[in-house]
Each structure stands twice: as C-alpha cells, then as structure tokens.
Amino acid sequence: MAELKLGPPRVENAQIRIPSTYGAVRAFGDNMAGSAMPSLGLHRILRVFLTAPLLLQAATGWAAISVGAPSAYSSQQAVTGQSGLESPLPVFEMHSGFWVNLHHFLYLQARLLKGNSSSTDTVRGAAQPDELPVSLIDFPEADIHAWQDAVAFYSKDLAGRDLLLNGDMEIINNQLSALETCAELEGKTTPLCKSGLRQDLVEALERAAPVYRAHWWAQQDRANREWIAQVAPMIQKMGVELSSQLSDVYQRPWPSQRLRVDVVWYGGPFGAYTSLDPIHVTISSHDPRNRGVYGFEVLFHESSHALAGAVTAAIARDFRERDKPIPRDFWHALLFYTTGEIVRRDVEYGTMTFTPEQTSGPSAYLPYAARFGLYSGSWEHFHGLLDLYWLPYLDGKVSFDTAMARLAADM
Ligand SMILES: [Zn+2]
C-alpha cells in the first residue's frame, strides 16, 4: 500500500502556476522549495501541474460561481492511468439561490417560534441560533399575514424535521436549489419551473416570497456572495492540493461531478450539511463558525462526506472482526479530525493564509472540531485514539489498514 505523507504541497523547485480569474498567472509553492518533506511523487506534481487551471467565473442565474474548469478533465485523464488513487480536480459550483434561502429562513423563523424545542438543537455541534424572530413592525398588513402564514405552515411540521436526515427535507432542498432561477414553483411560466413539491408547501413559499424579497433577500444574498468571495481565493490556492490529500487519505477518488454548494444565510443548527445523492453541500454564510479559514475547512469537511466510504467500510469490518460494537459517529469524528489536521498543516506551512478575522498566528490554528467544542464526551475519547493511531497514518508512518486495525483494537 502506498504510504501517505502530508507535507507541503510543492517540493524540488516544482512551481505550480494557476491562472487567476483574470487570466494572469499566479504562482505559488515556490517558497516550499527545499522543504524537508518530499511528500509527493513525480506523478503528482505532473498531475497537479496539468490539472491546476482553475477559474472563478460568474455563471448565469442568481449567482453561480465555479471554481475549477471542466476543460482540465481531459488533461487530467491523460495522467490518471499512472496511479489508481488519482482524483479529478475539485469543482465547486457555488450558488446563492432565492428559494433555497427562503426555505431555510422560514425553517429558522418557525424554529425560533417554537423556542428551539427540536431535539436536533442539543446534538453535538449544534448551535442555538442567537437570533430573535424577525420583526414585522411597520410592515404592510398583507405582508405580515403572508409571512406569518408561511411561518405557521413551517411550524406545523417541517420545522421539527432534520434538514439532512429527513428524506423529504433532502428532496425539498434539492428541488428548490435546482429551481433557483424560477420566478414561481408551479410551472405557470415554464414547465421547467414545476417543482413537484407538495401543494401546501409551494403555496407557503410563494406567499412568503414577495415579503422575503422585499425585506431580507438583498441583504442575505449579499452576505452569501461575500462568503463565496472570501472562500474562493482559498479554494483557488489550496483546493486542488487539499482535495488530492483528502482523496489519498480516504482512498477514494474525488467525485468527478461538480459539487453543488448552496450558500444560505441560515444553514441549520450545524451551520452546514451534505446530502450525497446527488452530492449537495448546503452551508451557512451567517453562522459565525464558518468564517475565515474555518469556512474553507467546513467546505472540505462537508465534501469529504462523499469520500468516507472506505473509512466506514473499514470501521465496520475491523470492529465486527473483534466482536465490538461500532462506536456511534466515530467515522464522523475521524472526518473532522482529518480535514482539521490537514488544513492546520497547510496553514502552518504557509500555503493557507489567514483572513483578517483570524488574528492569531498560523501555528495557533485550532481545527474546527477543537475550536468549536466537538471533542467532548465520547468524542474526547475518539480524539485521543485518533492522535495515537490515525495521526501516524497521516504522517505516512503506518498504512490505512494498520491504523484502522489499531483503532478498533484499542477502542
Ligand atoms: Zn460532517
């Protein structure tokens, strides 16, 4: 099995050039020359070189921004034959869509009305929204009724459902995401805009839409676009490298399709979630945990959900072989640990830079899960075991199978 070493991304004077948005060529990695950690083989350097072209483009629609270029796939395929672990380059398609934002905002307002009584608010990683229900003072009476009716509709049922684990909520999110450019959801303007969603839900959304558009959408859309603008340079700079690091660690190719990312003002109690069929990341621009480098870490944590197959299979196998119960959520702690550790190293090696929101030095970068208190209870135990047995794998000292077997043996 190939060993892993997650060091700085470029060595031996390899200079990677990435065309920036405006066609100028930006080089990075030069300062890594002569580093003590020759982590990447020649094929990788070639591949990164060939697949590096990234572009950031404003696409049609409300706001669609892709990081990555489909044209790069052809050159990438030319070298994939050299290793079974090669991955396509990451292509994130970022959106700030009207309906999907309205849906999540109504979900939030209904939950605030219910006083956060939903059980998901007490789960690890969940944060109570620190908002008050929106004020409707001085709104026209018709607006107040329309908005309150829609919130009441969400309160009845939808607000108590989990955005990710509930299949209906997943379908609603995917559908509303796909219809972001539609002015309505019943197909009156074009059959392409027929959502197929429950009639009462469509009515609630359409009733709330003009009120939302008049009072909150502009500001929330702006926040979403600002979030995208903040994270895009980090993806341009580190996305190719980080995606191939994660792909190596998890022994799964990076997904070949574009990753649809909906940036929403409110993204549920966890600040982000990802459904897998198709891969769809929903991430909050307003959640204070998603700012700066943490937004970048969260984006790649979410994306790595699509790479977790070998990890969950190995955990299941190794625990069953030992007649041990599979520890709940252990795979998820491992995902948080891994992305956090790799981003921490990338920050430390200087390939990631801090945004003004983060004033601490690079060596002080605390991965998301540690920074936001996820390692408590059983996860504190997981954290210790990951330090002992998974970190050596990330350091290239032991194989994936050995690390997994040791984790299972000592759990
Ligand atoms: Zn996750």
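Refer to the preceding data block for the structure.
Let us look at the structure shown here.

Parameters at a glance
Residues numbered from 1 in each chain as written. Predicted model: local features only at pLDDT ≥ 70, side-chain atom pairs only at ≥ 80, totals over all residues. Heavy atoms only, no water. Salt bridge = Lys/Arg side-chain N within 4 Å of Asp/Glu carboxyl O. Helix = DSSP H or I, 4+ residues; strand = E, 2+ residues; numbered from the N terminus. Buried < 20%, exposed > 50% of the residue type's maximum accessible area, 1.4 Å probe, protein only. Core = buried A, V, L, I, M, F, W, Y, C linked by side-chain atoms within 4.5 Å. Axes fitted to C-alpha atoms, helices over the stretch in contact; angles between N-to-C directions. Parallel < 35°, antiparallel > 145°, perpendicular 65-115°, else oblique. Contact = heavy atoms within 4.5 Å. Nonpolar A, V, L, I, M, F, W, Y, C, P; charged D, E, K, R; others polar. Left-handed = near helix turned anticlockwise from the far one by under 90°.

Remarks on the pattern of salt bridges
Thinking step 1. A complete count under the given rule lists 19 salt bridges for this structure.
Thinking step 2. Note that Arg207 is salt-bridged to Asp149, the shortest N-O span being 3.7 Å. With Arg207 in helix H6 (residues 199-250) and Asp149 in helix H4 (residues 141-156), this residue pair connects regions lying 58 residues apart in the sequence.
Thinking step 3. On the basis of relative accessibility, which here comes to 39%, the residue Asp149 falls in the partly exposed class.
Thinking step 4. For Asp221, the salt bridge is made with Arg225, and the minimal N-O distance between the two is 3.0 Å. A residue pair is termed a helical-turn pair when its members lie 3 or 4 positions apart in one helix, as Asp221 and Arg225 do in helix H6 at four residues.

Regarding the nonpolar core
Thinking step 1. Phe92, Met94, Phe296, Leu334, Trp390, Met404 and Leu407 are the most contacted members of the largest nonpolar core, which has 61 residues in total.
Thinking step 2. Counting residues in each nonpolar core, the second largest holds 43 residues, with Phe98, Phe139, Tyr154 and Val264 among its members.

Describing the packing of helix H3 (residues 98-113) against H6
Thinking step 1. In the contact formed by H3 and H6, the axes pass within 9 Å of each other and the chain directions differ by 100°. The orientation of H3 relative to H6 falls into the category roughly perpendicular. Across from Phe98, Trp99, Asn101, Leu102, His103, Phe105 and Leu106 in H3, the residues of H6 making contact are Leu205, Glu206, Ala208, Ala209, Tyr212, Arg213, Trp216, Trp217, Gln220 and Asn224.
Thinking step 2. Tallied by class, residues from the contact of H3 with H6 come to eleven nonpolar, four polar and two charged.

Describing the packing of helix H8 (residues 309-321) against helix H9 (residues 330-348)
Thinking step 1. Look at H8 against H9: their axes get within 10 Å of each other, and the N-to-C directions meet at 135°. Relative to H9, the element H8 is oriented oblique. Along this stretch, H8 crosses H9, giving a crossing that reads as right-handed. Every residue of H9 that contacts H8 at Val311, Thr312 and Ile315 is listed here: Phe330, Trp331 and Leu334.
Thinking step 2. Looking at the contact of H8 with H9 residue by residue, the class counts come to five nonpolar, one polar and no charged.

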